[in-house]
Amino acid sequence: MKLILEDDEGHRTVVPLFRDELTIGRADENTIRLSGKDVSRRHARLTWRNGQVHLEDLNSLTGVRVNGQRIHGRRPIHEGDLIEISRYDLIVESSPEDEKATPGQRGTAAAVVKEYERGHGARRAVRLATVVIVLLVAATVVAVLWLRALRGVP
């Protein structure tokens, strides 16, 4: 199985469920790190036992919703379920490797999630740099026009 992670800006990342346990939260030590302000440091946990995936809310402040219903404690999740944590949507999907792989054999989600966080931050930095450049160009144009007006140059 895998999670399709999507934030409120529409950025999507595929996270394979590769271990017997994955933690989700804001702290760096989580397998899946979500940087939202209203995500708890240790928000939720996914566990894989006997071919079944369970989701547990770790007493988070804002809670965890599955298919629109807030959960308390631990509950099984299935393909197609929508998990909502803060402004993040996680959709559970099966993958072709599910038939062949055991939890210990799955790929590394940590690298995928870290790349997501890095790429997400890089996109924000590019947007910020673009805004700064546009403001500098606009300020330069205004300054040139103002100086020309002071000198009386048409």
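All values derive from a computational prediction rather than experimental measurement.

*Asks:* When you look at the overall build of the protein chain in this model, what are you seeing that I'm missing?
*Replies:* Regarding its fold elements, the protein chain presents one helix and 11 strands. Scanning the protein chain from its N terminus toward the C terminus, one meets helices and strands in the order β-β-β-β-β-β-β-β-β-β-β-α. Counting all 154 residues of the protein chain, 35% fall into the buried class. Partitioning the contacts of the protein chain with sequence separation of at least 6, the portion at a separation of at least 24 is 43%. Carbon and sulfur atoms make up 56% of the accessible area of the protein chain, which totals about 9300 Å².

*Asks:* Could you clarify how one ought to interpret a nonpolar patch on the surface in this entry?
*Replies:* A contiguous nonpolar patch, built from Ile133, Val137, Val141 and Leu145 and spanning about 370 Å² of accessible area, is present on the exposed surface. Examined against the element boundaries, Ile133 turns out to sit in helix α1 (residues 109-151).

*Asks:* Got a minute to help me understand the sheet that holds strand β10 (residues 82-85) in this structure?
*Replies:* Strands belonging to one sheet form pairs held by backbone hydrogen bonds; the direction of such a pair is parallel or antiparallel. Read from one edge of the open sheet, six strands run β2-β1-β11-β10-β7-β8, paired in antiparallel fashion. One side of each edge strand has no neighbouring strand; the edge strands of this open sheet are β2 (12-16) and β8 (69-70). Across two bridges, strand β7 (residues 65-66) lies against β8 in antiparallel orientation. Following the sheet pairing, Val66 is matched in β8 by Gln69.

*Asks:* Mind showing me how you'd approach empty space enclosed by the protein here?
*Replies:* To locate leftover empty space, one rolls a probe as large as a water molecule over the atoms. This model, assessed by the stated rule, comprises one cavity of 30 Å³ or more. Around the largest cavity sit Leu17, Arg19, Leu22, Leu46, Thr47, Trp48 and Val53, which together line it. In terms of residue count, the dominant contributor to the lining of the largest cavity is strand β5 (residues 44-49) (three residues). For the lining of the largest cavity, the residue count by class is five nonpolar, one polar and one charged.

Rules of the game
Residues numbered from 1 in each chain as written. Predicted model: local features only at pLDDT ≥ 70, side-chain atom pairs only at ≥ 80, totals over all residues. Heavy atoms only, no water. Helix = DSSP H or I, 4+ residues; strand = E, 2+ residues; numbered from the N terminus. Buried < 20%, exposed > 50% of the residue type's maximum accessible area, 1.4 Å probe, protein only. Contact = heavy atoms within 4.5 Å. Areas by Shrake-Rupley, 256 points an atom, 1.4 Å probe, with all protein chains shown as cover. Patch = residues over 30% accessible without salt bridge, like charges linked within 9 Å, V, L, I, M, F, W, Y side chains within 5 Å. Salt bridge = Lys/Arg side-chain N within 4 Å of Asp/Glu carboxyl O. Pairing = 2+ DSSP bridges. 1 Å grid on protein atoms, 1.4 Å probe; cavity = no way out; pocket = protein on both sides within 12 Å on 5 of 7 lines; lining within 4 Å. Points joined across faces, edges and corners; volume = space filled by probe spheres on them. Nonpolar A, V, L, I, M, F, W, Y, C, P; charged D, E, K, R; others polar.

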